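# Descriptive structure summary
Read off the chains here:
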Amino acid sequence: MSTHSLRGGLIDVFAGAVCSVLTIAYSLSYAALIFAGPLEAHLSYGIAVTFLSAAVGGAIVALLSSLPFAVAGPDSSISVVIAALVATVIQRLAASGTTDLIGPALIAISLATALTGVLLCVLGFTHAGRAIRFVPYPVIGGFLGATGWLMVTGAIQIVTNLRPTLSNIAAFFDPALAARIVPALAVAVALFVLLRRSKNPFILPGVLVAAFIAAHIVRLLSGMTLEQAQTLNWMFHLQPAAALSLPWKPQALSDFPWSSLPSLAGDVLAVMFITIATLLLNTTGIEISTRSEAHIERDLKVLGFANVATAVLGGYVICTSLSRSILVRTIGSTSRVAGLTVALISTLVLVAGGSFLGYVPKFVLAGLLFYLGGDLVYQWLLHAARRLLPLEYLSLLAIAVLIIYFGFVAGVLIGIVIGCATFALSASRVSAIKFSFDGLEFRSSLDRGPYELSLLADHGGELQGMALQSYLFFGSANRLYQHVKALLMHQPSCRFLIFDFRLVTGIDSSATHSFAQIKEAAAAYNAQIVLVNLTPELQRAFRTAHFISDDVIIASDLDRALEACEHEIIEAHRSGGDDAGSLRSWLADALGDAALADRLTDYCKRMEVQEGDVIAHEGDAASSMHFILEGRVGIVVDVGDGRTMRVRSLGRHTTIGEMGLITGRPRSATIVAEAESVLFELTAETYAHIKKHEPALSQALLGYIVAVMSERLSFANRAVGVFNR
């Protein structure tokens, strides 16, 4: 073995040994929290079960986790929920007069652990673990904040043997009880202050050891014996060593109150929920702090297997620990040896027994719980106010209060309802309209002649459109309905209402009802609805609601919808003024001079092309421009991989190729006839002759080209303005 490997192994063992101090302290605290009240007489058994869980589950996670330095064991948040489960079991048993409490409690704990392990495995194998990310943040925050508060009240119960409630709050004004709480608070405050100032891994175990030593020094100086300290509840009572046994014995199973199992389902679900949430939150924290990447599906399966194994042996839920994993990584551990060392030391403590518990001051473990619970309360109930909107923060507080007073399941279920309602309210404030437009400022890609453009300039307001976005539901769709009503009141001449669904992710039935209202409002103004870019799911939703009928137009894309609506508007207002049936009459209007139009016509060569004919190829020399008298041509560009895309169309009384003729640059696109067309070609040689010998015609032609380009640029600017709204 090389010196480097030996050094690395020693660092791993040292990191595991240091981390074991925390694991022992945490495990004792969690055991005291769970096996409290009526089960305090069985605390030594609870300690043994806790270290069994830390040893078995920790070893499995250390061997198989995707993070080689991961350390697992009982967790604070999960222990609080398990304590709530145990309290419910004890309450049911006490109500039925049962005196054997520990057996059914252990079965309930192991059963919850086994079910949690199975669920973790299922989530890992189905890659569904990250679904917890969809739980509203206030629900998780309220859950963890309430967990912290219950941990604080559990700490009070440890040192006073009395769980604080509103009914017995006066009892805590007794100086004898208060005197036991104050040292625990001092330990918590010391941990809070020192750990805020330094991240040294020895602070937490150092404070606990110092508190332990100080307690015994004070006891000796006051002349108090160990037995007296135990009698006065300053120390845990000495208990016989616990002999572990499997809870799944026939007699114990037959004595278990299976009829009360449905009433325990809520607490079991709470254990499952908090375990999954804790694993994902802890894993994310470890990834960020150590700059490592975890395989969450693998870790779900590993932790699931670890919990199933722990449950079979009579243990309870363990989870990958954020603080302990970061601790061993900070010390320098890079292998699985650190986690295995923690598991080994937990095994040694298990074998040694819990007789040492009689020397442990209650306030030391309670102080640790005060610190852990207080930190959760601070992070999730106080500090969260700075990170959340007021409505979300109030939701978080409400959920925490509900959990504290009505239990985890009721709080989480009501919290999810509150979270969904808050989300719906927030989402409804987001406009369903990405941008709106009309035919005056936004048109199809079809270039039209001056006469048709003038008609659209006069009557473009008859086309009103909206590009919709996001998921459409009752809140956002109703606001859309109100917007359309106001729009129709201000634009009573509207002929077409275009709705573009390209950015819409979905729609619910209440939203289709709002569209039915929009349809009725449009019918009152004789406006026709046009639906664009409908996915099969959206189209199915509209057909299910019987919204799509003969008077509703369905278009595959916005450009085709705009072109069709523009054509209808032009035809409705065409008065015969566009009588330019020949090139001479068209150019006379375009150039403003009939004589110049005659001269230019004489220079042009007539072309008749069929649909699909290529008029010019991309990359060719720009040797001519074309006047489109009849028909339609398209501009097509090569987008690679043998694919082409049409970027624009040009109709009658428009020109193409004029910029290439003037600049002399190669053609940037291919020109293809989209219908049988009549064109007139002006070649580069002829244009050069005009510039040299007919300056008046050259100037008139150049003025016409500038006017055409100016109109196209103006249209482009208006379109950009629409997109930037």
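Residues numbered from 1 in each chain as written. Predicted model: local features only at pLDDT ≥ 70, side-chain atom pairs only at ≥ 80, totals over all residues. Heavy atoms only, no water.

So, about the pattern of salt bridges. Counting across every chain of the model gives 19 salt bridges. Taking the shortest distance from any N to any O, the salt bridge between R646 and D559 comes out at 3.3 Å. Of this pair, R646 sits in strand 13 (residues 643-650) while D559 is found in helix 21 (residues 558-573), placing the two residues 87 residues apart along the sequence. Overall, the relative accessible area of 33% leaves R646 in the partly exposed class. R652 serves as the salt-bridge partner of E630, at 3.3 Å between the closest nitrogen and oxygen. Taken as a pair, E630 in strand 11 (residues 624-630) and R652 in the loop between strand 13 and strand 14 (654-656) lie far apart in primary sequence, 22 residues in all. (Salt bridge = Lys/Arg side-chain N within 4 Å of Asp/Glu carboxyl O. Helix = DSSP H or I, 4+ residues; strand = E, 2+ residues; numbered from the N terminus. Buried < 20%, exposed > 50% of the residue type's maximum accessible area, 1.4 Å probe, protein only.)

Moving on: the sheet that holds strand 3 (residues 433-438). Strands sit in the order 3-5-6-7-8 across an open sheet of 5 strands; the sheet is mixed. Since the sheet does not close on itself, it has two edges, and those belong to strand 3 and strand 8 (552-555), each with one partner. The sheet shows a mean angle of 20° between the axes of neighbouring strands, direction not considered. Contacts from helix 18 (residues 474-490) reach strand 3, strand 5 (463-472) and strand 6 (496-507) within the one sheet, and its direction differs from that of strand 5 by about 170°. (Pairing = 2+ DSSP bridges. Axes fitted to C-alpha atoms, helices over the stretch in contact; angles between N-to-C directions. Contact = heavy atoms within 4.5 Å.)

Geometrically, a packed helix pair is captured by the angle between its two axes and the distance between the axes. Running from N to C, helix 17 (residues 450-459) and helix 21 point in directions that differ by 95°, and their axes come no closer than 10 Å. Between helix 17 and helix 21, the interaxial angle falls into the category roughly perpendicular. Contacts between helix 17 and helix 21 involve Y451, E452, L455, L456 and H459 on the former and, on the latter, E566, I569, I570 and H573. (Parallel < 35°, antiparallel > 145°, perpendicular 65-115°, else oblique.)

Moving on, we get to unusual backbone geometry. Of note, the phi angle at N526 is positive, near 60°, even though the residue is not glycine. You can see N526 is positioned in the loop between helix 19 (509-524) and strand 7 (528-532). Despite not being glycine, H653 shows a phi value in the positive range, around 65°. For H653, the position within the fold is in the loop between strand 13 and strand 14. On the basis of relative accessibility, which here comes to 5%, the residue H653 falls in the buried class.

Moving on, we get to the environment of G206. Its location among the elements puts G206 in helix 7 (residues 203-221). According to the relative accessible area criterion, G206 is partly exposed, its value standing at 36%. Each C-alpha atom of the pair G206 and V21 lies 9.6 Å from the other, and the pair is 185 residues apart in sequence.

With that settled, the discussion passes to the layout of surface pockets. To find leftover empty space, one rolls a probe the size of a water molecule over the atoms. When its volume is computed, the second largest pocket comes out at roughly 1100 Å³. If you trace the second largest pocket, you find 36 residues lining it, with L150, T153, R163, T165 and I404 closest to the centre. Considering every element that reaches the lining of the second largest pocket, the biggest residue donor is helix 3 (residues 76-96), with 9 residues. Of the residues assigned to the lining of the second largest pocket, the class counts are 25 nonpolar, 8 polar and 3 charged. (1 Å grid on protein atoms, 1.4 Å probe; cavity = no way out; pocket = protein on both sides within 12 Å on 5 of 7 lines; lining within 4 Å. Points joined across faces, edges and corners; volume = space filled by probe spheres on them. Nonpolar A, V, L, I, M, F, W, Y, C, P; charged D, E, K, R; others polar.)

This part covers the pairing of strand 16 (residues 677-683). Counting buried residues along strand 16, 6 of its 7 residues qualify, which places the element largely inside the surrounding structure. As paired elements, strand 9 (residues 605-609) and strand 16 share 5 bridges and run antiparallel to each other. In the sheet register, K605 faces strand 16, and the bridge partner there is E681. Pairing between strand 11 and strand 16: 6 bridges, direction antiparallel. Residue pairing across strands places M625 opposite L682, the latter belonging to strand 16.

Attention now moves to the packing of aromatic side chains. Describing an aromatic ring pair means giving the distance of the ring centres and the angle of the ring planes. Tallied over the entire structure, the rule returns 11 aromatic pairs. Seen in terms of ring centroids, F501 and F515 are 5.7 Å apart; in terms of plane orientation they differ by 40°. Their pairing is tilted. With a gap of 14 residues between them, F501 in strand 6 and F515 in helix 19 connect regions that are remote in the sequence. Take F501: its relative accessible area is 1%, and that puts it in the buried class. Among the aromatic residues, those joined into a ring-pair cluster are F499, F501, F515, F542 and F547. Here the guanidinium or amino end of R329 rests over the ring plane of F69, the centre of that ring lying 5.5 Å away. Between the NZ or CZ atom of K519 and the centre of the ring of F547, over which it lies, the distance is 5.3 Å. (Phe/Tyr/Trp six-rings, centres within 6.5 Å; stacked < 30°, edge-to-face > 60°. Lys NZ or Arg CZ within 6 Å of the ring centre and 35° of its normal.)

Okay, the nonpolar core next. In a soluble, globular protein the nonpolar side chains are often hidden away together inside. Of all hydrophobic cores here, the largest spans 123 residues; its most connected members are I82 and L191. Here this core gets 13 residues from one element, more than from any other, and that element is helix 14 (residues 362-382). Look past the residues within four positions of I82 in its chain and what remains in contact with it is I34, I109, V271, Y316 and V317. One finds L472, L488, L497 and F542 within the second-largest nonpolar core, a separate group that totals 31 residues. (Core = buried A, V, L, I, M, F, W, Y, C linked by side-chain atoms within 4.5 Å.)

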